[in-house]
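Descriptive analysis of the structure
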Amino acid sequence: MSTLDQKINEHFPGLVVRKDLVKTVKGNAIVPSYVLEYLLGQYCATNDEATIQTGIETVKEILAKHYVHRNEAGLVRSNIKEKGRYKVIDKISVALNEKTDAYEAQFSNLGIKKVLVDSGTVKAHPKLLVSGVWCIADIEYVFSEDQNVSPWILSTLKPIQLSHFDYDAYVAARQQFSTDEWIDLLIQSIGFNPEMFGRRSKLTQLVRLIPFCERNYNLIELGPKGTGKSHVYSEFSPHGILVSGGEVTVPKLFVNNSSGKIGLVGYWDCVAFDEFAGKQKRVDKALVDIMKNYMANKSFSRGVETLGAEASMVFVGNTRHTVPYMLKHSDLFDELPDKFYDSAFLDRIHFYIPGWEVDIIRGEMFSDGYGFVVDYLAEILRSMRNYDYSDQYREHFTLSSDISTRDRDGINKTFSGLMKILFPQGGATRDEVEEVLRFAIEGRKRVKDQLQRIDTTYGEVRFSYQDQQGQEILVTTLEEEEYPGYYHQTVSTPDDGGLEPEPAADKGGEPKEPRASEPVLEEKHLTFQENQKGISFDGLFGAYLKGASRITVTDPYIRLFYQVRNFMEFLEAIVKNKAEEDEVAVHLVTVRDEFKGDLQDESFEKIQESARTVGIDFTWEFDESGTIHARHIVTDHGWKISLDRGLDIFQHYEMNEAFAFANRLQQFRSSKAFEVTFIKQKPNGTEGE
């Protein structure tokens, strides 16, 4: 067990569960994760292995006996009849039968209807009236000669969700964790391995939780398939509901004027629309109009009466095109149905999650560490809806006066939500506050920048903030940094150039065409953001390696397989930039791996043998002191390239997938945040001209 897992169990005893257990017990039961974790929380919320194994068997037995599979519904109904009383786990919905003036339940998998429910149960659990709730229920069977009387009797009903929690204890325990530890705990609670994500990617995952802790929060995420966009909204919380974007109507979402029945927004904290993108989708214009009013004013009309609700709105959908293609030919909202492709509707969105930055989910990304039982975290998030943290940056920073009220509201809501999630106890440092504020501004800026492309009546906005000294800090989006030539255009130009970041050489991307002349080498400092793409060793270093006959690389972290592979790809960049008849001596200074030194030697020997065939004389040495921290590349023709991360600039990607472009071409990988400095040296190795 890791140090973090030990700490989690110490400060949250009985409230956490090992996340790999969900798959172990799920089998073929089609139930949300929060249902399974509710049961695991009853029997496996411990770090004692013997108790966990016993608990797993208990949960499996409960599911085997009481979870109703649709194809076994007849057998379960027979059990109820023969035994007279039986416990089931099923999704139950309730409707009022006006003819009999009685509430009647319908069991989704069991396939029985018209089961009488008393008014007290419905009042205690009103969500039974809308879309249904997963419950543990005792059902009795009493046959009657009267055909109008249902033989099914609901004896007891208990929704599968936490009955109570101690918020003050949660806040007190939070104080025992550093910010990094707390973020990793939350990422593990979602079910992911935090080691597979950078800081920015972790924050992106946590933004998905804001609709559960912030009232009337409007969020959109568009990106490639398979990135887990809808997972949180379908599996994570009993207070959220995921509906298909094509199945939504005004009565279902807001109010049925004929019956007076309130729709989804009246019962759920978060209503998420799956498969929201798609130009061909048929959309009711009246639905769009009432959604616009609700998203702006938190209210909707039922005849002459105006009603209010607190449900957050989330829209998730898939994109078909790459980001540079969308920026060149249209905009980042291009995939939306025509009726939602409306500037007034889009202006109500508080944050745009760049789904193209989120990795496609792979098996190695799931966690086997400890995280909160999701039902517990769901209740915590729900209770946070009563708090407002939106003013916590004002002690240090002031938003630009250029930012409109609607932009400001979006920024404040995102900031408040993230601060609740990360710092429920308060006490965030100035730098931590600034990090969250910048992230919140970027998400709203992404919305507004696209609106300016769609509707020219929207004026330019300078998204910036000032510190206490009055210094202005400008915020940009990552795609703005990567594709500046396309980001700021309002119409596409048919004969535009390629889709590479501009200028390609300065951004470390692969040049689209051969250069007409040799690039001018100059001293410079480059900064790259997390998740930035279009970067390669050739584009970054190639011009500075050309012409060198000896290159020395100092990097203490060429140990693990992926790090050695990075070094091999660096050698490939040298080969691309040398004449075929030339030879280059490359010397590596690194540190021996404490546990796998033999494998390290074996890898270097294989590289050495292979390198000889392409004119590279590769040698290496291990720094015996183990104290080297500097990471740089030095050439014998006068350049020193200082690397704050060494060659370890790329995030995890699927190395074993032969058909993944990220595996074949560096520019399709997401980068870590890193900086590079190019320094001109005198022949003796000292800096300066």
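As the structure is a prediction and not an experimental result, all values here were calculated from the model. (Residues numbered from 1 in each chain as written. Predicted model: local features only at pLDDT ≥ 70, side-chain atom pairs only at ≥ 80, totals over all residues. Heavy atoms only, no water.)

Brief notes about the sheet that holds strand β20 (residues 584-590)
Applicable threshold: Only when DSSP finds a minimum of two bridges between them are two strands counted as paired. Each helix is a run of DSSP H or I of at least 4 residues and each strand a run of E of at least 2, with the numbering of both proceeding from the N terminus. Working convention: axes come from line fits to C-alpha atoms, limited for helices to the stretch in contact. Angles between N-to-C directions cover 0 to 180 degrees. Here, residues are in contact when the closest pair of their heavy atoms is within 4.5 Å.
Strand order across the open sheet formed by 7 strands is β18-β24-β23-β22-β19-β20-β21, with mixed pairing between neighbours. Looking at which strands have only one partner, the edges of the open sheet turn out to be β18 (524-528) and β21 (616-622). Looking at each pair of strands side by side, their axes are set apart by 15° on average, direction ignored. In terms of strand pairing, strand β19 (residues 550-554) meets β20 through 5 bridges, oriented parallel. Bridged to R550 within β20 is A585. Against the sheet, helix α22 (residues 537-545) makes contact with β18, β19, β22 (632-635), β23 (639-643) and β24 (674-680), and its axis sits at roughly 10° relative to β24, the strand it touches most. Packed onto the sheet, helix α23 (residues 561-576) meets β19, β20, β21 and β22 and runs at close to 160° relative to β20.

Some details on the environment of S464
As a reminder, the rule being used: Note on classification: 1.4 Å probe, protein chains only; a residue is buried when its accessible area is under 20% of the maximum for its type, exposed when over 50%, partly exposed between these limits. Distance and chemistry together define a polar contact, namely a pair of N or O atoms within 3.5 Å, with one atom able to donate a hydrogen and the other to accept it when in protein, and with adjacent residues in sequence counting only for side-chain atoms on both sides.
Structurally, the position occupied by S464 is in strand β16 (residues 464-466). By relative accessible area, S464 is classed as buried at 0%. Remark: the alpha-carbon pair of S464 and D402, spanning 62 residues in sequence, is separated by 8.4 Å. In this structure S464 touches L399, S400, I403, E472, I473, L474 and V475, once residues within four positions along its chain are discounted. Among the polar contacts listed, one links the side chain of S464 to the side chain of E472, at a separation of 2.8 Å.

A short note on the pattern of salt bridges
Oppositely charged side chains can form a pair if their charged atoms are brought close together. Selection criterion: Salt bridges are identified by distance alone: a Lys or Arg side-chain nitrogen within 4 Å of an Asp or Glu carboxyl oxygen.
Tallying each qualifying case throughout the model produces 42 salt bridges. In this structure, K292 engages D342 in a salt bridge whose closest nitrogen and oxygen atoms are separated by 3.5 Å. Here K292, found in helix α13 (residues 285-297), pairs with D342, found in the loop between α14 (323-329) and α15 (343-346); they are 50 residues apart in sequence, far enough to count as distant. Residue K292 is classed as buried on the basis of its relative accessible area, which comes to 14%. The salt bridge partner of R444 is D347, with a shortest N-O separation of 2.6 Å.

Some words on the pairing of strand β2 (residues 85-97)
Pairing of β2 with strand β5 (residues 133-141) involves 8 bridges; the strand directions are antiparallel. Bridge pairing links R85 to E140 in β5. Alignment of β2 against strand β3 (residues 102-107), held across 6 bridges, turns out to be antiparallel. When the bridges of β3 are listed, S93 appears paired with Q106.

Observations regarding the nonpolar core
Selection criterion: As used here, the term nonpolar core means buried Ala, Val, Leu, Ile, Met, Phe, Trp, Tyr and Cys residues forming a set that is joined through side-chain atoms within 4.5 Å.
Ranked by internal contacts, the top residues of the largest apolar core, which has 92 residues, are F12, Y170 and F372. Core analysis: the second largest hydrophobic core is formed by 47 residues, W268, Y294, L307 and M326 among them.

A word on the environment of F177
In this fold, F177 is placed in the loop between α7 (167-174) and α8 (179-190). Looking at F177, the relative accessible area reads 5%, which means it is buried. Separated by 124 residues in sequence, F177 and Q53 have C-alpha atoms that sit 28 Å apart. Here F177 is in contact with L4, K7, I8, H11, F12, W182 and L185, once residues within four sequence places are set aside.

A look at the side chain of H350
Within the fold, H350 resides in the loop between α15 and β13 (351-354). Classification of H350 by relative accessible area gives buried; the value is 7%. Once residues lying within four places of it in the same chain are set aside, the contact partners of H350 are N216, Y217, N218, G410, K413, T414, G443 and R444.

What about the state of the cysteines?
Among covalent bonds in proteins, the disulfide is the one between the sulfur atoms of two cysteines. What counts here: The term disulfide is used for any two cysteine sulfur atoms that are within 2.5 Å.
Under the defined criterion, the tally for this structure stands at 0 disulfides. Looking at C270, it has no disulfide partner, and the nearest cysteine sulfur is the one in C213, 11 Å off.

A word on the packing of aromatic side chains
The way to describe two aromatic rings as a pair is by their centre distance and the angle between their planes. Put simply, the test is: Stacked, edge-to-face and tilted are the three classes for Phe, Tyr and Trp ring pairs, Trp counted by its six-membered ring, which pair at centre distances within 6.5 Å; planes under 30 degrees apart are stacked, over 60 edge-to-face, the rest tilted.
Within this structure, the stated rule accounts for 46 aromatic pairs. With 5.6 Å between their ring centres and 15° between their planes, Y167 and Y387 make a pair best called stacked. Placement of the pair is Y167 in helix α7 and Y387 in the loop between α16 (374-383) and β15 (398-399), with a sequence separation of 220 residues. Assessed through its relative accessible area of 13%, Y167 is described here as buried. Judged by its relative accessible area of 37%, Y387 is partly exposed.

Here's the deal with a negative patch on the surface
Applied cut-off: For patches, a residue must show more than 30% relative accessible area and have no salt bridge; joins then use 9 Å for like charges and 5 Å for nonpolar side chains, namely Val, Leu, Ile, Met, Phe, Trp and Tyr. Methods summary: accessible areas were calculated by the Shrake-Rupley approach with a probe of 1.4 Å, and residue burial reflects only the protein chains presented. A residue counts as positive if it is Lys or Arg and as negative if it is Asp or Glu; His and the chain ends are not included. To locate a charge, take atom NZ for lysine, CZ for arginine, CG for aspartate or CD for glutamate.
Judged by side-chain charge, E580, E581, D582, E583 and D617 come together as a negatively charged surface patch. By the secondary structure assignment, E580 is in the loop between α23 and β20.

Looking at the sheet that holds β16
The strand order across the open sheet built from 3 strands is β15-β16-β17, with neighbouring strands paired in antiparallel fashion. The sheet is open, and its two borders are formed by β15 and β17 (472-474), each paired with just one other strand. Bridge count for β16 against β17 is 3 bridges, and the pairing is antiparallel. Looking across to β17, one finds that S464 is bridged to L474. Each of β15, β16 and β17 is contacted by helix α18 (residues 430-454), which is oriented at about 150° to β16, the strand it contacts most.

So, the side chain of E379
Within the fold, E379 resides in helix α16. At 5.1 Å, R382 is the nearest oppositely charged side chain to E379, a buried residue that forms no salt bridge. In this structure E379 touches Q161, L162, F165 and H239, once residues within four positions along its chain are discounted.

Read these as spatial facts, not as claims about activity.
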